Every structure is written in structure tokens, then in C-alpha cells.
Amino acid sequence: MSEPAPGTVLPALTFGPISRTLLALYAGVSGDHDPVHIDIDFAREAGLPDVFAHGMLSFGVLSRVVTRWSGVAGLRSLRARFVSITHVHDLITCRGTVAEYLDEAGERRARIDLVVTAQDGRPTLTGEAVVAVDGLRDRPA
Amino acid sequence: MSSDDTAVTARPRGIFRRETKGFSATPVTVRVERGRVVTFARLLGETDPVCSDVAAARAQGHPDVVAPPSFPMVVEMLAHEERSRQGAPNPTEVIGCDFRRLLHGEQHHTYEGLVYAGDEVSVETTVVDFYDKRGGLLEFVILESTIHHDDRGVLVRARRTLLHRLAR
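Position labels on residues start from 1 in each chain and follow its written sequence. Here chains are named by letter from A upward and ligands by number from 1 upward, in the order in which they appear as written. A pLDDT threshold of at least 70 governs which residues receive local features in this predicted model, and a stricter bar of 80 or more applies before side-chain atom pairs are shown or counted, although totals over entire chains, interfaces and linings include all residues. Calculation of side-chain values draws on the structure's entire complement of heavy atoms; hydrogens and water are dropped beforehand.

**Focus on the overall build of chain B**
- Under the DSSP-based scheme used, a helix requires at least four consecutive residues in state H or I and a strand at least two consecutive residues in state E, with every element numbered from the N terminus. Assigned secondary structure in chain B consists of four helices and five strands.
- Element order for chain B, N to C, with α for helix and β for strand: β-α-α-α-α-β-β-β-β.
- Projected onto the principal axes, the alpha-carbon positions of chain B cover approximately 65 × 30 × 25 Å.
- Partly exposed residues are those whose accessible area sits between 20% and 50% of the maximum for their type, while under 20% is buried and over 50% is exposed, using a 1.4 Å probe and protein chains only. The proportion of buried residues among the 168 residues of chain B is 52%.
- Taking contacts inside chain B between residues at least 6 apart in sequence as the whole, the part at least 24 apart equals 72%.
- All accessible areas in this document rest on Shrake-Rupley with a 1.4 Å probe, and a residue is counted as covered only by the protein chains that are shown. On chain B, roughly 7,800 Å² of surface is accessible, and the fraction owed to carbon and sulfur atoms is 47%.
- Counting 22 positive and 24 negative side-chain charges, chain B places the centres of these two groups 6 Å from one another. Any pair of residues with heavy atoms lying within 4.5 Å of one another is described as a contacting pair. Neither His nor the chain termini are counted; the positive set is Lys and Arg, and the negative set is Asp and Glu. We put the charge of a Lys on NZ, of an Arg on CZ, of an Asp on CG and of a Glu on CD.

**Some remarks on the interface of chain A and chain B**
- Between chain A and chain B, the residue contacts involve 35 residues of the former and 31 residues of the latter.
- Salt bridge criterion: a side-chain nitrogen from Lys or Arg within 4 Å of a carboxyl oxygen from Asp or Glu. Remark: the boundary between chain A and chain B carries zero salt bridges.
- Polar contact is the term for a pair of N or O atoms within 3.5 Å; when the atoms are in protein, one must be able to donate a hydrogen and the other to accept it, and sequence-neighboring residues count only if both atoms are side-chain atoms. The interface formed by chain A and chain B contains seven residue pairs in polar contact (both at pLDDT 80 or more).
- Among the elements of the structure, helix 1 (20-30), helix 3 (55-70) and strand 2 (75-82) of chain A are those that each provide at least two residues to the side of chain A that touches chain B.
- Here the side of chain A that touches chain B is composed, by residue class, of 21 nonpolar, eight polar and six charged.
- The pairing of strand 2 of chain A with strand 2 (residues 102-111) of chain B spans five bridges and is classified as antiparallel. Following the sheet pairing, A:Leu78 is matched in strand 2 of chain B by B:His109. Gly counts as polar in this scheme, as do all residues outside two lists: the nonpolar Ala, Val, Leu, Ile, Met, Phe, Trp, Tyr, Cys and Pro, and the charged Asp, Glu, Lys and Arg. For two strands to be treated as a pair, DSSP must find no fewer than two bridges joining them.

**A short note on the nonpolar core**
- For our purposes a nonpolar core is just a set of buried Ala, Val, Leu, Ile, Met, Phe, Trp, Tyr and Cys residues, chained together by side-chain atoms within 4.5 Å. Within the largest apolar cluster, 71 residues are counted, with the highest numbers of intra-cluster contacts made by A:Leu57, A:Trp69, A:Cys94, A:Ile112, A:Val131, B:Phe71 and B:Val75.
- If one sorts the elements of this core by residue count, helix 3 of chain A sits on top with eight residues.
- Each of two domains, domain 1 (1-18 + 55-141) and domain 2 (19-52) of chain A, supplies a minimum of three residues to this core.
- Counting residues in each nonpolar core, the second largest holds nine residues, with B:Cys97, B:Val127, B:Val141 and B:Leu162 among its members. Segmentation into domains, and thus their bounds, comes from an automatic or database assignment.

**Some remarks on helix 3 of chain A**
All names here are of chain A.
- Helix span, as expected, comes to 1.5 Å for every residue beyond the first. A rise of 1.5 Å per residue sets the reference length of helix 3, with its 16 residues, at 22 Å; its end C-alpha atoms lie 23 Å apart and thus fit the reference within 8%.
- In helix 3, a bend of some 30° at Arg64 exceeds every other bend along the element.
- Taking burial as the measure, the 16 residues of helix 3 include 15 buried ones, the bulk of the element. Here the bend at a residue is taken as the angle between two axes, fitted respectively to the seven residues that end there and the seven that start there.

**Some details on the packing of aromatic side chains**
Residue and element names in this part refer to chain B.
- Working definition: a ring pair exists when centres of Phe, Tyr or Trp rings (six-membered ring for Trp) sit within 6.5 Å. Plane angles under 30 degrees give stacked, over 60 give edge-to-face, the rest tilted. Following the criterion strictly, the structure yields four aromatic pairs over all chains and no others.
- Here Phe16 and Phe130 contribute two aromatic rings whose centre-to-centre distance is 5.7 Å and whose plane-to-plane angle is 45°, an arrangement assigned as tilted. Separated by 114 residues along the polypeptide, Phe16 in the segment before strand 1 (28-31) and Phe130 in strand 3 (residues 120-133) bring together distant segments of the chain. Pair check on accessibility: Phe16 and Phe130 agree, each one buried.
- When the ring of Phe40 is compared with that of Phe71, the centres are 5.4 Å apart and the planes differ by 80°; the resulting orientation is edge-to-face. Residue Phe40 is found in helix 1 (residues 34-43), and its partner Phe71 is found in the loop between helix 2 (54-59) and helix 3 (72-86); the two are separated by 31 residues along the sequence.

**Quick notes on the environment of A:His33**
- Structurally, the position occupied by A:His33 is in the loop between helix 1 and helix 2 (40-45).
- Under the relative-accessibility criterion, A:His33 is labelled partly exposed at 48%.
- In contact with A:His33, other than residues within four places in its own chain, are A:Ala27, A:Gly28, A:Ile38 and B:Glu81.

**Some words on the side chain of B:His149**
Residue and element names in this part refer to chain B.
- Structurally, His149 can be placed in strand 4 (residues 138-149).
- Here His149 falls in the buried class, since its relative accessible area comes to 10%.
- In terms of polar contacts, His149 uses its side chain to reach the backbone amide nitrogen of Arg152, at 3.2 Å.
- In this view, His149 contacts Asp119, Glu120, Val121 and Leu155; residues no more than four positions away in its chain are not counted.

**Details of the sheet that holds strand 2 of chain A**
- With antiparallel pairing, ten strands are arranged side by side in an open sheet as 1(A)-3(A)-4(A)-5(A)-2(A)-2(B)-5(B)-4(B)-3(B)-1(B). Of all the strands in the sheet, the pair left with one neighbour each is strand 1 (9-15) of chain A together with strand 1 of chain B. Neighbour-to-neighbour, the strand axes of the sheet open up by a mean angle of 25°, direction not taken into account. Note on method: axes are straight lines fitted to C-alpha atoms, helices fitted across the in-contact stretch only, with angles between N-to-C directions ranging 0 to 180 degrees.

Spelled out as C-alpha cells, the structure:
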């Protein structure tokens, strides 16, 4: 079985637009009750124009780009750097590109470069994932 | 750690309590509830049925639904609630987070085993380090957590970087 060549792009995933309802529900289910994500009065008192999305919301959606290929069980690590704020009404797109293959801890692994962008092309998150590739399909789907 | 607010030109005063470097929060045990996993997975648009359908998860050899890759942060929040209930100090309180200025800088998860609904897991969190950037306009803290299961060992190691935006 051939591995997808480095440079292979995993199918992108679009999520949103981010609504206030979504942020409230995410705060509730995640347990992250930081008011800066759900309470516009708090945000304004802090000098911000509005509430903004939890970074971990993007992290969670982004992980699906990778696990649609690897499965949750095949994911070895996921690293994210939150490079700009995700605003209310943003529509985010999560992308992954196979970067390289590694032989690590007795298994074949792929490293995947990750990026999340908003509708205007502004990157909000950059990162990388490492997945176990033994037994995966040739082509990411 | 240096907290030299007298040095250089109008260096912003940091907010994090640098002396808490090395602090380890009281380890607590939390239960991963199935409803929480399923609701969380669905909210993120997770389509893999192993995260939301018990029958599908069992058909693939899992004991229950599988927590999605970002769920460890939920486990950390459950641990936070449990410590509060016990009257034990939480890392974000101990280090002096100011939520008006706080941002999440980075998150790094290393997965050594799956977290399943029904699991009871122990959570340990340590304040690893503080540092500054942009001449002190940004101050950072690194927190490291381990999620451990009695029988299956370490499941996840999570490294979280938080930062304060400081004004001159």
C-alpha cells in the first residue's frame, strides 16, 4: 500500500459561522466558563469590542480534519498555536497537509501541518498533528 | 524568575505570580460522563460515530464512546470544579489569571491512550514556567497536566500556554 505523498492535502472542513449561541453552548459543555467568551458586558468592561470564540473550539473542529483519516485512536499528538482571535460570525476553515513520515516508537507515523483560517483568509490557528499510519487508507478521505 | 518592573523603560508590571512556578495542584479524580462526551462531540460537528454512538463504539472494540481529541480540556475543567468543591486551590487562581487580559496561546496534547465515557481518571497539573515577550507587553505561563487511568496508565499529557496582554 502506498502512502499519500508529502504535500497531499486532507479534505478541508468548514465550520460556522460562529454564533453567540454556539459559544454559550460550548462554554456549558466544555466547562470553560471564562466570561470573555459569553458575556458581552464583561468583554466591554475589559476594553474589548465583543466576546470571542474559545481557542479550544477551533482545536476541536480542527482535530476532525486529522481523525477523519487516522481515526481518534490513530492520533498521537496535536499541537496548536492560537495566532489570532476568532470573532463572532467568523466562518472558519480547517486544513491539513501531509508534511512527512517518521518511524517513531515502533510504528510508521505521518506529521501533518495544520492551519485554520477565517473567511477573510486571516489565520487564527497554526499547528501540527502526528498520526499512526499503519493500516490506513491510501488516500485521505 | 525575574520580575524586574523597576528595570528598563516603563516595563509593564506583570500580573502572574511568578513565585508559584513549580506549584502542583492537588490531584483529583473525575468521572467522564457519557452524556457530556456525546454532547461535546456533536457540538463540534464530530461525525465519527465512535464518539457519539455506544453501539458503533462497541462494534469497533471500545468499551464505550470515545472522547474526542479536544476533550482532555473538559477533563481539566472537571478537575477544576472538583478542586473547588474540595476547597483546594486551582492553578489558574494560584497563578493569578486576570480573565480581562487572558488569552490562550498554545495547546499541545500527546495521546498515549483513549479516554472513554465511564472512565474515572486522575488529573494532575503543574505550573511549569513563566516568560515574557515583546518587552514585557505579553507574559506567558505554561501549565502541564497529566490524565491518568488506574489500569491503563497515562492517557493524555496536555501542555497549555496562557498569556496576559499587558498595557504600558
